[in-house]
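Structural overview for review
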Amino acid sequence: MVNIVQKEADILRQKAVEVPLSEIGGKKINTIIKEMAEGVASRDDAVAIAAPQIGYSLRMFMVSKRVFIAEEENPDAKDMVFINPIITKRSRKKVGADEGCLS
């Protein structure tokens with residue numbers, strides 16, 4: 001079972017580093033992706049997880065297929081993995097919402 005680090009962990013306050021392009025698709029990154037999937041699957045209410053939440057200070061996160069469809073509707077649906085995301089636009093508008101962080 002993968003360990004999800006909690007809010008007191010220093011890694012959650014560090015700036016995550018970019019994943020080198022040469023490592024994408026490699027054994028290390030694939031292992032991290034599998035661990036993120038395990039972390040999301042370990043909680044019934046989890047919909048996403050980032051690499052730092054499982055102890056890797058890397059710019060990666062996963063969004064569970066649960067967000068998009070009911071699993072019974074499409075059993076072949078896949079989780080979505082984002083590596084080295086870049087925010088290109090943000091709104092000044094603020095909207096309050098409940099948070100469901102696993103950390």
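Structure's up top.
So, here's what we can say about the structure. (Residues numbered from 1 in each chain as written. Predicted model: local features only at pLDDT ≥ 70, side-chain atom pairs only at ≥ 80, totals over all residues. Heavy atoms only, no water.)

1. Considering the overall build of the protein chain
Across its full length, the protein chain holds one helix and three strands. Each helix (α) and strand (β) of the protein chain, taken in turn from the N terminus, gives the series α-β-β-β. Taken along the three principal axes of its C-alpha coordinates, the protein chain extends 40 × 35 × 30 Å. Buried residues in the protein chain amount to 26% of all 103 residues. (Helix = DSSP H or I, 4+ residues; strand = E, 2+ residues; numbered from the N terminus. Buried < 20%, exposed > 50% of the residue type's maximum accessible area, 1.4 Å probe, protein only.)

2. Thoughts on the nonpolar core
Ile-32, Met-36, Ile-49, Ile-54, Leu-58 and Met-60 are the most contacted members of the largest nonpolar core, which has 15 residues in total. Listed by contribution, the elements that provide at least two residues to this core are helix H1 (27–41) and strand S2 (60–63). Ranked by residues supplied to this core, first place goes to H1 with four residues. Discounting residues that sit within four places of it in the chain, Leu-58 has contacts with Ala-16, Val-17, Val-19, Ile-29, Ile-32, Ala-51 and Pro-52. (Core = buried A, V, L, I, M, F, W, Y, C linked by side-chain atoms within 4.5 Å. Contact = heavy atoms within 4.5 Å.)

3. Some thoughts on a nonpolar patch on the surface
On the surface, Val-47, Val-67, Phe-68 and Met-80 cluster together to form a nonpolar patch covering roughly 340 Å² of accessible area. Looking at where Phe-68 falls in the secondary structure, it is placed in the loop between S2 and strand S3 (80–83). (Patch = residues over 30% accessible without salt bridge, like charges linked within 9 Å, V, L, I, M, F, W, Y side chains within 5 Å. Areas by Shrake-Rupley, 256 points an atom, 1.4 Å probe, with all protein chains shown as cover. Salt bridge = Lys/Arg side-chain N within 4 Å of Asp/Glu carboxyl O.)

4. Considering the packing of aromatic side chains
One pass over the full model with this rule turns up one aromatic pair. Ring plane angle 10 degrees and centroid distance 4.7 Å describe the contact between Phe-61 and Phe-82, whose orientation is recorded as stacked. Here Phe-61 is found in strand S2, whereas its partner Phe-82 is found in strand S3, with 21 residues between them in sequence. Looking at Phe-61, the relative accessible area reads 28%, which means it is partly exposed. For Phe-82, a relative accessible area of 29% corresponds to the partly exposed category. (Phe/Tyr/Trp six-rings, centres within 6.5 Å; stacked < 30°, edge-to-face > 60°.)

5. Here's the deal with the pairing of S2
Of the strand pairs in this sheet, strand S1 (residues 48–50) and S2 are connected by three bridges, and their pairing is antiparallel. Bridge assignment links Ile-49 to a residue of S2, and that residue is Met-62. Here four bridges tie S2 to S3, and the two strands are oriented antiparallel to one another. Considered in S3, the bridge of Val-63 is made with Met-80. (Pairing = 2+ DSSP bridges.)

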